[in-house]
Amino acid sequence: MSRLALVVRWLGPLSVLLTVLFFDLVGASVMMLVCLAVTITWRARLPAALEITTDLTLLLAAWSSVFLLYEKLEHWDLVVHFAATAVLAELAFRALERWSRLSSPGPVSHVVVVSSLGAALALVWEYLEFAGFYLVDPQVNVGYLDTMGDLAAGHAGSLVAGILGTWARQRAGAGGKPRATERPGSTARPGGTQRSGTVRRPGSTEDQDTTEKKD
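Not measured: the values here are computed from a predicted model. (Residues numbered from 1 in each chain as written. Predicted model: local features only at pLDDT ≥ 70, side-chain atom pairs only at ≥ 80, totals over all residues. Heavy atoms only, no water.)

(A) Region of the structure containing the pattern of salt bridges. Under the definition given, this model contains 3 salt bridges. A salt bridge links Arg9 to Glu51, with the shortest nitrogen-to-oxygen separation between them at 2.6 Å. Taken as a pair, Arg9 in helix H1 (residues 2–22) and Glu51 in helix H3 (residues 48–66) lie far apart in primary sequence, 42 residues in all. We classify Glu51 as buried; its relative accessible area is 4%. For Glu97, the salt bridge identified is with Arg169, shortest N-O distance 2.4 Å. Taken together, the positions of Glu97 in helix H5 (residues 76–99) and Arg169 in helix H7 (residues 144–175) put the pair 72 residues apart, joining distant regions of the chain. (Salt bridge = Lys/Arg side-chain N within 4 Å of Asp/Glu carboxyl O. Helix = DSSP H or I, 4+ residues; strand = E, 2+ residues; numbered from the N terminus. Buried < 20%, exposed > 50% of the residue type's maximum accessible area, 1.4 Å probe, protein only.)

See below:
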């Protein structure tokens, strides 16, 4: 898994090179943003499965823009918004948890925080699309229905990410939970009972009492 994660990390710089050589600077700029996200996932020390999923999802979103799949495939943008916001929201949560004083919340708090981060990220995404429409490419699809659909898909994705993240953590915690250990010095008897393993020192009062009774 670690080797696969390493290969996926290098797909980011490779994608930048390919877009510079065979496409346009707009696509290359998008790929540079993906490279930044790939670097963050690497430095955040995410679980390998989450890192790979995040990187591949963002690369898919970027290449979909380069190949104009959002214009060619109906509702493809909603699918990408759902998946990309989901992984980005979980990434933001893990980054906050690692690099700040955010303590590990309970299951409900985890879902609330991740979904809130996803809602904020979805809003920022729409701001960037709006800026791209006016400053970069007027072919960027913007509009009331498109914006509301993207926000809804992004928020739904982050909600699912929060639920799955909580489930994964609980499963990992249950799988790695140590079994109850016996008290130091105790000896297990057949049948599940335990006997105290108190060691008597030579010449202790209990030994003396026993000797006197035998005499």
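Moving on from the model shown.
(B) Inspection of the packing of H1 against H3 at higher detail. Two numbers describe how H1 lies on H3: the axes approach to 9 Å, and their chain directions differ by 20°. Our classification of the angle between H1 and H3 gives roughly parallel. For the crossing formed where H1 meets H3, the hand is left-handed. Residues Leu4, Ala5, Val8, Arg9, Leu11, Gly12, Ser15, Leu18 and Thr19 of H1 form the contact with H3, whose own contacting residues are Glu51, Ile52, Asp55, Leu56, Leu59, Trp63 and Val66. When the residues that make up the contact of H1 with H3 are grouped by side-chain class, the tally is 10 nonpolar, 3 polar and 3 charged. (Axes fitted to C-alpha atoms, helices over the stretch in contact; angles between N-to-C directions. Parallel < 35°, antiparallel > 145°, perpendicular 65-115°, else oblique. Left-handed = near helix turned anticlockwise from the far one by under 90°. Contact = heavy atoms within 4.5 Å. Nonpolar A, V, L, I, M, F, W, Y, C, P; charged D, E, K, R; others polar.)

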